[in-house]
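Residue-level listing of the chains:
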Amino acid sequence: MPKTITPYKNSSLGKKEQVTQMFDNISGNYDGLNRVISMGIDVKWRKKVVALVAAKNPETILDIATGTGDLAILMSKTSAKKIIGLDLSAGMLEVGQQKINAQKLSDKIEMVLGDSENIPFPDNHFDAITVSFGIRNFETLEKGLAEIYRVLKPNGLFVILETSVPTKFPYKQGYGFYTKYMLPLIGKLFSKDNSAYGYLSESAANFPFGEALNNILREISFIDCKAMPQTFGVATIYTATKK
């Protein structure tokens, strides 16, 4: 089980409540700040996720920890007739809904306030499920993954896009410096929540990646688990399926 890291060190709230509060706090400038922090590369990673999902011709897609809906909106380019964006943060969902309305996609994309560890849908419901930069925010990783497994159809596709830690010199050293010093500084300069980007940095550095995460997926009963490092290993795309 991954080490529990929370946004607010002195809070009496659990991780789930703290993460919800944090994303509500930063929802207004989250998109712009994300582009700055990732230097725009995250858009390319998301497009790769969309291509993987599109190849399966899904009719129903669930995007968990959808945030402001970037990935859910990109998924509208697939064959899916219904896309659900699920998130704990009402603030993030509100920003996402504005984007969906602006692109006239509300007939295809529905934003739902909900918990990844108690997904409000029946068993074997979705053809594909995605999580983009959200899985490390689960309060109990294994419980969230078990819920994802439950609502995924047999032979359905599960795709994770998450930060990871480069293992080769000099990328490992550069990544360590950037996430420890630069990312929290950028967050403090542009966000009203000084703790948020320190948490995002710390949680990224301590979250299992590569085969470590694949092994957790296998313990849940996922099969065909694959890890595909992106951009020198600063992020990884994972694919898995249900028996």
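Residues numbered from 1 in each chain as written. Predicted model: local features only at pLDDT ≥ 70, side-chain atom pairs only at ≥ 80, totals over all residues. Heavy atoms only, no water.

Q: Tell me what's going on with the overall build of the protein chain, and back it up with residues and numbers.
A: Each helix and strand counted, the protein chain has nine helices and seven strands in total. A compact globule built from 243 residues would reach a C-alpha radius of gyration of about 18 Å, and the protein chain, at 17 Å, matches this within 12%. Principal axes of the C-alpha set define a box for the protein chain whose edges measure 45 × 40 × 35 Å. Partitioning the contacts of the protein chain with sequence separation of at least 6, the portion at a separation of at least 24 is 71%. Put simply, the protein chain shows about 11,100 Å² of open surface, and 56% of that area lies on carbon and sulfur atoms. Separation of charge centres in the protein chain, based on 29 positive and 24 negative side chains, amounts to 7 Å. (Helix = DSSP H or I, 4+ residues; strand = E, 2+ residues; numbered from the N terminus. Rg over C-alpha atoms; globule rule 2.2 N^0.38 Å. Contact = heavy atoms within 4.5 Å. Areas by Shrake-Rupley, 256 points an atom, 1.4 Å probe, with all protein chains shown as cover. Lys, Arg positive; Asp, Glu negative; His and termini not counted. Charge placed at Lys NZ, Arg CZ, Asp CG, Glu CD.)

Q: Give a description of the nonpolar core that names residues and reports values.
A: With 29 residues, the main nonpolar core has Ile148, Phe158 and Phe222 as its most contacted residues. At the level of elements, strand 1 (60-64), strand 2 (82-87), strand 4 (126-132), helix 6 (141-151), strand 5 (152-163), helix 9 (211-220) and strand 7 (235-241) are the ones that each hand at least two residues to this core. The element best represented in this core is helix 6, accounting for five residues. Contacts of isoleucine 148, omitting those with residues within four sequence positions, involve Ile64, Ile119, Ile129, Val131, Phe138, Phe158 and Phe222. Membership of the second largest hydrophobic core comes to 24 residues, among which are Val50, Phe133, Leu161 and Ile237. (Core = buried A, V, L, I, M, F, W, Y, C linked by side-chain atoms within 4.5 Å. Buried < 20%, exposed > 50% of the residue type's maximum accessible area, 1.4 Å probe, protein only.)

Q: Mind laying out the layout of surface pockets, listing which residues take part and the relevant values?
A: Empty space among the atoms can be located by rolling a probe the size of a water molecule over them. Volume-wise, the second largest pocket comes out at about 170 Å³. Around the second largest pocket, the lining is made up of 13 residues, and of these Asp70, Ile73, Leu74, Lys99 and Gln103 lie nearest the centre. Contributions of two or more residues to the lining of the second largest pocket are made by helix 3 (41-54) and helix 4 (70-74). With four residues, the single largest contributor to the lining of the second largest pocket is helix 3. Residues of the lining of the second largest pocket, tallied by class, amount to four nonpolar, two polar and seven charged. (1 Å grid on protein atoms, 1.4 Å probe; cavity = no way out; pocket = protein on both sides within 12 Å on 5 of 7 lines; lining within 4 Å. Points joined across faces, edges and corners; volume = space filled by probe spheres on them. Nonpolar A, V, L, I, M, F, W, Y, C, P; charged D, E, K, R; others polar.)

Q: Break down the packing of helix 1 (residues 15-26) against helix 8 (residues 196-206) for me, with residues and values.
A: Packed helices, taken two at a time, are described by their axes: the angle between them and the distance between them. Interhelical geometry of helix 1 versus helix 8 gives an angle of 125 degrees and a closest axis separation of 10 Å. The angle between the axes of helix 1 and helix 8 places the two elements in the oblique class. As helix 1 packs across helix 8, the resulting crossing turns out to be left-handed. Touching Lys15, Val19, Met22, Phe23 and Ile26 of helix 1 are Ala196, Tyr197, Tyr199 and Leu200, all from helix 8. Among the residues making up the contact of helix 1 with helix 8, the classes are represented as eight nonpolar, no polar and one charged. (Axes fitted to C-alpha atoms, helices over the stretch in contact; angles between N-to-C directions. Parallel < 35°, antiparallel > 145°, perpendicular 65-115°, else oblique. Left-handed = near helix turned anticlockwise from the far one by under 90°.)

Q: Could you give an account of the packing of aromatic side chains, with specific residues and numbers?
A: All chains considered together, the criterion is met by five aromatic pairs. Summarising the aromatic geometry, the rings of phenylalanine 121 and phenylalanine 126 are spaced 5.1 Å apart at their centres and angled 75 degrees between planes, so their arrangement reads as edge-to-face. The exposure class of phenylalanine 126 is buried, given its relative accessible area of 2%. Ring geometry for tyrosine 149 against phenylalanine 222: centres 5.0 Å apart, planes inclined by 90 degrees, an arrangement best described as edge-to-face. Residue tyrosine 149 is found in helix 6, and its partner phenylalanine 222 is found in the loop between helix 9 and strand 6 (223-230); the two are separated by 73 residues along the sequence. Clustering of aromatic rings is evident, with ring pairs tying together Tyr149, Phe158 and Phe222. Above the ring of tyrosine 149, the side-chain terminus of lysine 242 is found at 5.0 Å from the ring centroid. (Phe/Tyr/Trp six-rings, centres within 6.5 Å; stacked < 30°, edge-to-face > 60°. Lys NZ or Arg CZ within 6 Å of the ring centre and 35° of its normal.)

Q: Quick rundown of helix 3? Include the residues and the values.
A: Compared with the 20 Å implied by 1.5 Å per residue over 14 residues, the 20 Å span of helix 3 between its first and last C-alpha is a close match. Listed in full, the buried residues belonging to helix 3 are Asp42, Trp45, Arg46, Val49, Val50 and Val53. The buried residues of helix 3 all sit within an arc of 145 degrees when viewed along its axis, so they share a single face. (Expected span 1.5 Å × (residues − 1). Arc of directions from axis to C-beta.)

Q: Which residues make up the side chain of lysine 242, and what are the values?
A: Tracing the chain through its elements places lysine 242 in the segment after strand 7. For the buried lysine 242, which has no salt bridge, the nearest side chain bearing the opposite charge is aspartate 123, at an N-O separation of 6.9 Å. At a separation of 2.8 Å, a polar atom in the side chain of lysine 242 contacts the main-chain carbonyl oxygen of tyrosine 149. (Salt bridge = Lys/Arg side-chain N within 4 Å of Asp/Glu carboxyl O. Polar contact = N/O pair within 3.5 Å; in protein donor to acceptor, adjacent residues only side chain to side chain.)

Q: Describe empty space enclosed by the protein, naming the residues involved and giving the relevant values.
A: One pass over the structure, following the stated rule, counts two cavities of 30 Å³ or more. A volume near 370 Å³ is recorded for the largest cavity. Forming the walls of the largest cavity are 30 residues, and the residues nearest its centre are Ala65, Thr66, Gly67, Asp87 and Gly134. Top element by residues in the lining of the largest cavity is helix 1. It accounts for four residues. Each residue belonging to the lining of the largest cavity can be placed in one class, and the counts come to 11 nonpolar, 11 polar and eight charged.

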